[in-house]
Structures are given as structure tokens and as C-alpha cells.
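# Architecture and fold: a report
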Amino acid sequence: DEEGLSWFTGDVDRKVVSLLTEYCGFESELRIACIRSWQRLVDEFTGMLSFAPMPCVPASLHDMAKMRVGTGQSGQLNFTEETVKVVVSLGEDPKHRGLVRPLVEQLERRMRLLVERDYRSAVASLEGRCQEVLKAFFELVGQEDVEELSDAGTEEHDKTKINPWVTPREGAHKKSSKVEARQKEMTRSILSGVLKALLNHADVVISTTLQGTIEMDGNGEAVIDSVTQRPRVNERSGIMVRVDENTTSPGPLHWMLPFKFNNSGQLTLRKLLFNERKLLRDSSQGLGWHAKIKRKRQGFLKSIANASNCCDKQEDDDAGRPELGWSRKLIDEIGLHMEDGTPTINCSNAVNLRIYRLCTEDYEVPMSPNAPPHLYDVEVLKLLKALQFEIAASWASMWRGMLQELTDKDKVREFVQSCLVTEEMQDYAVKLDGLIDRQVSGRIADRDPTLEAVDAVCGWLSGSRALPMDMLTTEEEVKRAGEEAKWPDHQAFIDVLSQVDAKKVKTAFMANKNTKLAGQPSWLRLCDEFVFVILQLNMKRVTNEELSMAKASAGMMSAAGQQEMIAKLALHRMSQLNMHSQKVFRKRFNFLWNRDVSTALTAMEGVAQSLRNCNKNGMNGAEWLEEQLHAYKDKVILGTLKALQEKFDGLFPVDFAILNGRFPLNSQKLRKQHFELQPDGRTVRQRDATQEIRDMWLTPRYEKMQSVMVSAPETKSTSSGPGTIQLSVDGTISAYENLQEQRERVEQIFNLPCVDPPRPDYAGGAFQELCLKFFKGIHVDAIHFCRPRLKAMMAKLYQEEHLRRALQESPALDYLKDFGGHILEKQKTRMDSLKCKLASMEAALRETDRSKKTVEY
């Protein structure tokens, strides 16, 4: 704390670390160094994110949000989005320095200290522990200097012949001492260069990962922003890069918005219920060699008898039962005394500890690398579904903003105006003699009919107007759009859909799939359908050939571990499913967009009339405008799908803690002081939630298991494919519902009067608790966003490949490269000299032989 290295304050940090040590096995008391200490720092950073207290919301901020909020219809602003913005704005005060960012800054400072300590220790150990290696290295690069010293020593030896008081032994000793001194000097120089190169490497890796990359010009120089006078940072290039980073007033961290609603709860996938007999019976892949041997030894039925319900190696301990029982300190919450006096609230310690465990607890694959493919089916399905949950959550947070952008009059108008080619327009001026003279100018008319038509078309698309002939159900849309508009494995999708009870699952897609819609409501239904599609996509089963190929590793070890094998198999499947499903989505959306834009341009008589006599670039005004609107749609859709792909890429390297699921922030009580919304939706009642929090703590984390559905291949021949496997319908629906906004409840709490505030001039207690849910959700997202990137960063700091490249490319060791060039040149000269001497000796020998033969003759 005294050195400015505390996360919050010294007292708060100690309380958090003490709880993590006692209840989560955090290794705070171990004296460790090197890579493990870096990993411990990342775990400590995760704990601080889990326990971060929330500054209370001022009443004025809540009142301003009430004035801004929209109706929540047609993709406009809604209460949930405004509440999230209120939470994000809590960190925009200069005294608070943003949400999450101050903790990442502290992580950077402490990581740099640890890495520098360990690099210095490693380099210092080279001289003492690696004498043989250093000697060999010195002989390689220091030979030239040794020879020069030897030559100097020879000259010194010649002088000793003149000086009778210096014995030959003393001269040799003096020569040896000078060589040793030179060796030590070169060793220090080499080690200093190595340390400098490593520290430069660490600085680049840490800065790039956390602070982002600097924009460079054609000459390799940093681009300086003309307003901020700072080097421009590439957007979205680092964890700490903010929205509008290159402006005078940057916003929140670039990955923080839009808010991901799966942070309010997601299924755990550590354990799945499956029937091994079913897996084997419906498989065309056969048994692996090890499984065949086991069956011969034990008998087939005996070998699988213990695994008829679930995998026999998924031990009961993996349910995540609490290691320590309930204590009163778990209901307490850790607060923070802000410098400006702002009060804070927090979740109970039990909730924060559970969040930490779900985000960090490792998953051990419960089988060996030689397990048969049907067991790998289950493990790959777990990871694949966890990745699908993340992608679906990202899409669920993106598509509303995409629909808003598609009908944003200002943005569409700006795009169309940028496409307008400046055409020659005839201006008429009256001469002094009364005759009309034509003058040609290149300006665009202030009232261009195409720009005015844009406003009308956007109004039509964002409204509820539509022609009866355009309104279609989901099934009719697919039929009209063609065969390419069917989702991957369309029949399986229909089968899953037929098992969903639409009366219980009331979402934009489920509740309206049989309703005839057009315009933006139909777009909204399609986007929500895409969420469901991502979640329910089935998986092709693992074949013997695939499993054999996955066993090879491209890393330091030739054989891959189970996690690497599972990650490769899941990534391969996920990439294919993403590509196909996104292609279908674009096809479906293009059909809806073309239909609605075409209708808007023809159904409104005023628009049609204004464009009838308008020509643009040799085209009819209506056709030209329709073409530009299609181009704008492609720009927005492709931009959103690109952002979705970036979210997917950010999940790698895979952290298998993703299988743990998410803490249910929406349904679980977070604090002892709970505000319960009453049935009338207009009042709340304050009550004690200690019992609910205690029950949560005593409930095993991973007790609830999802079941697996297996689909057999069409035939048993290998050409028909290996069949498919997927999560049960109930599991898919549960995951789907977890991604839905609780708009009605949020709206009711949002509009409550200021009752039971933590202090005067602050928003009511119920709204504070609502904001705390989103605040914790943002910090959970921060954990899942940062940990894979931090692990990749640490790999670059310790893996031999990266360190070797850093040493080879470092300017700090350039002198050794030059020195090596001199050595090579000298060796080449010596070799040439030796070749000449050898040639002279061979010539002399030949001449001697010739003379000898002449004499004998």
C-alpha cells in the first residue's frame, strides 16, 4: 500500500486475500517466484474483480436516465440499456478513473515488477550456474579477443626475456590473468545485453496486450493526433483501450459494451448425463484399440455396466461441494471508503467467493488420451456448447445495436450522401440584357430527392407499417428465400423447435414464429432466432481418424494432452458451424431487407413520385437509392459479424473454466439487505436474504447436470457419416432463456420512486441493487475477457520460442552479431591461408617425389 501497489486500499486488499486464501485455496502465504507467481497475480486480479465494490448511484444520475429512456420498441433505447449506461458512467468520474481500468493498470505495474525480478534473477544465475554453457558461448564469440590477448601475451613474454627478474611462469600467469579478466568483462557485457533484450521484450509484450498498439505511418513513425498531441492508438488493440481512445474524452473500455446478458447466469457443463450403451450403439466409428483390449479382458457388458447413466470417471467430488461450511463472515460485504465520500455497496462475501470459484476453478478431463472416441464425443460437446453459449451471448448483446444502426436516419443519410457523385447541375443566371444564361456548377443540391427519400424509407422500416402481402411467418420466410435459407441440419432444428413449449418460452422468436410479420419486427424475430440456432446446433461425432490426428501436437511436446486434443476438435467444429450459420443468416436477412426496402420505395407515393424523374449516375433514382441502401446494409451486417468473429477469436487459448458456467445474478439474492419487488410492480419490500445466500453456499456448484441426445447415422457405413450428438432440448432452452433480458422487471424497478436510499441525494435501494447486478455482470465479463489474453501474454514472456526470437532481433545484442561477422571473416582468412600452405606442401611433396624417382633412375 505504501508503494502504491494496492488494488483498492491496503485494508480492503488484505480482507479479500484472506477470504480467497481461507475459502478458495489462494496461495497467498507461499513464497514463490517465476511463472507461478505471475499466475498467482492473475488469480489475485480475478479476486479483486470479483470483490470490487460499487459506488452508489446519485439520485441526479438516475433522474437524468429517466428523462433519456425510450419506449423499448423497434430496437430503440430501453430501460436495460439505460441502466447499464448508468452503471458504466459511475466510473467516468476522474476520481474513479473508470470501471475495471484502474485494476488493470495496477495489474500492469505489479506484473512488470515480477517479470523484471525474475528476468534479472534468471540472467544472474547464468554466470554462477551455467559456467560450462557460458564458457562454450564465450569460446564461440570471444575467440578473436582471446587471440589478441594471446598475441599481446607473446609480446609480453618476449619482454620477459630481456627482464631477468620475471620468470617464464610469472609471465604465463600474467597472460592468463589478463585473458580471464577479459572473459569476465565480456561475460558481464553479454549478460547485460541479454537482460536488456529480455526486458525490452517484456515491455513490448505487456504494453501491446494491455495498452494496445500504436498507429504507425509509412516511415514507421508513430502517428501523433493533432488534437490530443498523443500517439494514436489502434482501436480495440489492447485490454485497456477505450472507446474513442484518440479523443479528448474517451469512453469505457472497448469490450465493455454492449452488455452480455449471459453474465446473469449460464449452465454448467462440467458433468453431462449420457448413456454409454446408447453412444456405442448409435456410432459407426467402432472401438479404439485400447477399448477392444478392455472388452476382451473384462467382457463388453461388464466394461460399461458402471457407466450406464454417466461417465464413470466423473467423480462425485466434481459436483463442487463447498470445502468449508457456512460462517457469519460470509454474509458480510466488503465496502470501500471513497476519497470523495461516495458510499459503496457490494455483494455478500459468499456471492463474491462463488463468482471467483466459477471463474477460476480448473477442469480436469476425466479420461486418458487413449480413451475411445465415444467418450471424447462428450468432452468435445461440453467445450463446443460452452463456446456456443459465449457466441450466442455476444450476438444477443449486438443485434439490437445493429438494427438501430440500420434505420438510423443520420447514419444512412451520411452514407448515401457520401455515395453521391458530384454531377454537373444547370444554374440559371439573368444577364443585364435580360437573357437567360446557363452556368455549370458541381455542387450537390441542398434538397436532393434521394436524401429526402432516405428519411422516409427509414421511417417506414423502423415503424410498424407493412403491406399484407409482405407479412410472413418464419416457415414462409424460409420457403420464399429458397433452399439456401435453411439452417445447418435444418431437420434437426425443426425437431428441436417442435419440442419447445411456446407458452412457457416467451421470446421474440418463440412467441412470434407463427405470426405474420414484416419490417423491423421480422428482423428482430430473425436475430433472436439466430441466438436459438447458435445454441441448438448439433455436433458431428468424433471419428477414429480425427482422434488419431488430434493426438499430434505442434507445441514443445510431440503428443498433445487431453485438453489440447479437445480444444482442436471443438475449434474445428465451431468454425464450420459459424461459417455455415452466418451464411444462412445473411441470406435470410437479405431477403427480408430487399422485400421491405422495395416496398418502402414503392408504397409511399410521395417517395416514388420524387424519385421518378431523378437520375443518378445514369440510373433511375429509385434503383440507385435501393442499391446504396443495400450497400449500407452489407456494411452494417458484415461489421457486426466481424465483431462477432473477434469475440470468438478472443476465447482462445481456451480456458476450461468456461465449463463452470456463470453465477445466476438475476435470480440469486446478492446481499443480506434485499429489496423485493411486490406483485403490483410499483412498490418494494426490504427483507433479510441471509437464508437464501446460505442455501446457495451449501449447494454444490456443479450439482445440476444436463443430458445428451444422440442421433445415429443414416446407415452403419462409414460413408454416411459418424452421426451427431447434442445437448438436450431442456438444456438448450435453459441456456436460451438465460440470454433474455428481464425487461419488464427492469422497467418496473427503474421507474420506482426514491425509497430507502443508502444516503440522502442517492437513488433508492431497489435501483441500487439492480445496478449492482449489472455492475457485477460487467466485472464477470472482465474476468472472462482478460484471463485468456493474460495467459497468452504470459506464454510470450516465458516460452523459449518467443525469448529466442527476442534475443535474435534485439538491438542490444547487435554488437555480438557484428563481432560474430569479424570472427567469420577471420576464420575465412585463416582457412584461405591454411589452404595456401597445404597447396605449397603438396607441391613440395610432388617435387620431392619427382626428384627421388630421377635419382633412382
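Structure: see above.
Just so it is clear, the model here is predicted, and its values are computed rather than measured.

This part covers the overall build of the protein chain. Helix and strand counts for the protein chain stand at 28 helices and 12 strands. Of the contacts formed within the protein chain by residues at least 6 apart in sequence, a portion of 76% connects residues at least 24 apart. About 43,800 Å² of surface is accessible on the protein chain, with carbon and sulfur atoms providing 52% of the total.

Here we come to the packing of aromatic side chains. Two aromatic rings are characterised by how far apart their centres lie and by the angle between their planes. Taken as a whole, this structure holds 19 aromatic pairs when the rule is applied. Consider the rings of Phe79 and Phe750, whose centres lie 5.2 Å apart with planes at 65 degrees: the pair is edge-to-face. Placement of Phe79 in helix α4 (residues 79-89) and of Phe750 in helix α25 (residues 743-750) is noted, with a sequence separation of 671 residues between them. Comparing Phe79 with Phe750 shows no difference in burial state: the two are buried. Relative to Phe585, the ring of Trp395 has its centre 5.1 Å away and its plane inclined at 80 degrees; by these criteria the two rings are edge-to-face. Of the two residues, Trp395 is situated in helix α13 (residues 373-406) and Phe585 in helix α20 (residues 562-603); the sequence distance between them amounts to 190 residues. Phe585 carries the same exposure label as Trp395, and that label is buried. Through a chain of ring-to-ring contacts, the aromatic side chains of Trp395, Trp487, Trp523, Phe530, Phe585, Phe589 and Trp593 assemble into a single cluster. Just above the ring of Tyr702 sits the side chain of Arg270; from NZ or CZ to the centre is 4.5 Å. The ring of Phe785 has Arg789 sitting right over it, with the charged end atom 3.7 Å from the ring centre.

Bringing the packing of α13 against helix α22 (residues 621-649) into the picture now. Put simply, α13 and α22 touch, their axes get as near as 10 Å, and they point 160 degrees apart. When the interaxial angle is binned, α13 and α22 end up roughly antiparallel. α13 and α22 meet at a crossing whose hand is right-handed. Across the interface between the two elements, Ile391, Ser394, Trp395, Met398, Met402, Glu405 and Leu406 from α13 touch Tyr632, Lys633, Lys635, Val636, Ile637, Thr640, Leu641, Ala643, Leu644, Lys647 and Phe648 from α22. Looking at the contact of α13 with α22, its residues break down into 12 nonpolar, two polar and four charged.

Now for the pattern of salt bridges. Going through the model one piece at a time under the given rule, you end up with 44 salt bridges. For Asp203, the salt bridge is made with Arg112, and the minimal N-O distance between the two is 2.8 Å. Within this pair, whereas Asp203 is found in helix α8 (residues 168-210), its partner Arg112 is found in helix α5 (residues 101-129), the two being separated by 91 residues in sequence. Under the relative-accessibility criterion, Asp203 is labelled partly exposed at 36%. Accessibility expressed as a relative area gives 24% for Arg112, which makes it partly exposed. Between Glu361 and Arg357 there is a salt bridge; the shortest N-O distance is 3.1 Å. In this structure, Glu361 and Arg357 share a single accessibility class: buried.

To characterise two packed helices, one gives the angle between the axes of the helices and the distance between these axes. Where helix α15 (residues 449-462) meets helix α21 (residues 605-612), the axes come as close as 9 Å, and the angle between the chain directions of the two elements is 160 degrees. Taken as axis vectors, α15 and α21 run roughly antiparallel relative to one another. Of the two possible hands of crossing, α15 and α21 adopt the one that is left-handed. Between α15 and α21, the residues in contact are Pro449, Thr450, Ala453 and Ala456 and Val607, Ser610 and Leu611, respectively. Residues belonging to the contact of α15 with α21 are distributed by class as follows: five nonpolar, two polar and no charged.

Strand direction decides the pairing type here: strand β6 (residues 539-540) and strand β12 (residues 724-727), joined by two bridges, are antiparallel. Looking at β12, one finds that Met539 is bridged to Ile725. Both strand β11 (residues 706-711) and β12 contribute to a ladder of four bridges, which runs antiparallel. Bridged to Val710 within β12 is Ile725.

Moving on: the side chain of Ser581. Mapping Ser581 onto the fold places it in helix α20. When residues no more than four places from it in sequence are discounted, the contact partners of Ser581 are Trp487, Pro488, Phe530 and Leu537.

To continue, consider the side chain of Arg671. The residue Arg671 is located in the loop between α22 and β9 (673-677) in this model. When its relative accessible area of 9% is taken as the criterion, Arg671 is described as buried. Within polar-contact distance, the side chain of Arg671 engages the side chain of Glu333 at 3.1 Å. Setting aside chain neighbours within four positions, we find Arg671 in contact with Glu333, Ile345, Asn346, Cys347, Ser348, Ala689, Ile693 and Leu772.

Moving on: the pairing of strand β10 (residues 684-688). Note that β9 and β10 share five bridges and pair antiparallel. Residue pairing for β10: Gln673 is matched across the bridge by Asp688. Between β9 and the antiparallel strand that follows it, β10, lie six residues; Gly681 among them carries a positive phi value of about 75 degrees.

Procedures and definitions
Residues numbered from 1 in each chain as written. Predicted model: local features only at pLDDT ≥ 70, side-chain atom pairs only at ≥ 80, totals over all residues. Heavy atoms only, no water. Helix = DSSP H or I, 4+ residues; strand = E, 2+ residues; numbered from the N terminus. Contact = heavy atoms within 4.5 Å. Areas by Shrake-Rupley, 256 points an atom, 1.4 Å probe, with all protein chains shown as cover. Phe/Tyr/Trp six-rings, centres within 6.5 Å; stacked < 30°, edge-to-face > 60°. Buried < 20%, exposed > 50% of the residue type's maximum accessible area, 1.4 Å probe, protein only. Lys NZ or Arg CZ within 6 Å of the ring centre and 35° of its normal. Axes fitted to C-alpha atoms, helices over the stretch in contact; angles between N-to-C directions. Parallel < 35°, antiparallel > 145°, perpendicular 65-115°, else oblique. Left-handed = near helix turned anticlockwise from the far one by under 90°. Nonpolar A, V, L, I, M, F, W, Y, C, P; charged D, E, K, R; others polar. Salt bridge = Lys/Arg side-chain N within 4 Å of Asp/Glu carboxyl O. Pairing = 2+ DSSP bridges. Polar contact = N/O pair within 3.5 Å; in protein donor to acceptor, adjacent residues only side chain to side chain.

In short, shape yes, function no, at least from these values alone.
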